[in-house]
Amino acid sequence: MVMQVYYLIPLVFIAAAFAYSMYVRKKAMAEAANMSPEEIEQKFSDFYAQYYELQPGERIIGNWSGVEYQAPAGTARRIAGGVLNAASAAVIGVSTYVPNVHVGLTNRGRVLVSREYSDFGKRGNYKHLAALDQGTRAFNQDAAYPGQDVGPRPGNPFNPLVSLEFIQLRSPSGDTYEAWLSPQGSRHGQHGFSSILQSLG
């Protein structure tokens, strides 16, 4: 009987996380009902701005979360123009875990990447990693690597009930960044969740 209770603990945590996210969403919607469109846009940006380095007058209008793409063991790291993933370890530091990431879209069309790092073993810290130019597009696995295996899909650390999707961001200059992102992204002015493919596809 005791063993059966242990099996229920993860389900309880998932249900609690889902209930809390719904509570936060309802609360935010109630607050938004009393705000102007400009105030809503600024509040949206303020919530996500902590992850990125914004230019003066720049605001976040979209945000997607997930984990950084790591090539499967034994597979050569793909080089396409200048893959930012390969350089990220040198910028932020080598770690033994796959870091979480946030990808933001600004009102100027730039795409920003923020990557998790550990501070004395404590995770959950983020540092701005890269800025991709206006005109950056998002490609799914079939468009980026047709017929190729990109490795197993990792679990979603932000919502275990939602599967992550492989995304390659490709800037006009040829720089790319690859990650597994949640299709439950937020975009200012849109009702409900959206994939980054809808905004940058």
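Scoring rules and cut-offs
- Residues numbered from 1 in each chain as written.
- Predicted model: local features only at pLDDT ≥ 70, side-chain atom pairs only at ≥ 80, totals over all residues.
- Heavy atoms only, no water.
- Core = buried A, V, L, I, M, F, W, Y, C linked by side-chain atoms within 4.5 Å.
- Buried < 20%, exposed > 50% of the residue type's maximum accessible area, 1.4 Å probe, protein only.
- Helix = DSSP H or I, 4+ residues; strand = E, 2+ residues; numbered from the N terminus.
- Contact = heavy atoms within 4.5 Å.
- Polar contact = N/O pair within 3.5 Å; in protein donor to acceptor, adjacent residues only side chain to side chain.
- Salt bridge = Lys/Arg side-chain N within 4 Å of Asp/Glu carboxyl O.
- pLDDT = per-residue confidence, 0-100.

1. What about the nonpolar core?
Val-103, Val-111, Leu-169, Tyr-177, Leu-181, Ile-196 and Leu-200 are the most contacted members of the largest nonpolar core, which totals 18 residues. The set of elements that each furnish at least two residues to this core consists of strand 1 (60–68), strand 2 (100–106), strand 3 (111–119), strand 4 (122–132), strand 6 (165–170), strand 7 (176–181) and helix 5 (196–200). Beyond its immediate chain neighbours, meaning those up to four positions away, Val-111 contacts Val-103, Gly-104, Leu-105, Ala-130, Ala-131, Leu-132, Thr-136, Leu-169 and Leu-200. Core analysis: the next-biggest nonpolar cluster, separate from the first, contains 9 residues, Ala-144, Tyr-145, Val-150 and Phe-166 among them.

2. Focus on the side chain of Asn-159
Position of Asn-159 among the secondary structure elements: in the loop between helix 4 (141–144) and strand 6. A polar contact of 3.3 Å, which involves the side chain of Asn-159, links it to the side chain of Gln-184.

3. With respect to the pattern of salt bridges
All chains considered together, the criterion is met by 4 salt bridges. Put simply, Glu-58 and Arg-110 hold a salt bridge, and the shortest N to O gap is 2.7 Å. Taken together, the residues span a long stretch of sequence, with Glu-58 in the loop between helix 2 (37–49) and strand 1 and Arg-110 in the loop between strand 2 and strand 3 at a distance of 52 residues. With respect to burial, Glu-58 and Arg-110 carry one shared label: buried. Residues Arg-115 and Glu-68 are paired through a salt bridge, measuring 3.1 Å at the closest nitrogen-oxygen approach.

4. Section: the confidence of the model for the protein chain
Counting all residues, the mean pLDDT for the protein chain is 81, and 71% of those residues have values of 70 or more. Below a pLDDT of 50 lies the segment residues 76–82, which in the model reaches 18 contacts outside its immediate sequence neighbourhood of four places, other chains included. Confidence drops under pLDDT 50 across residues 86–95; counting only partners more than four residues distant or on other chains, this segment forms 13 contacts.

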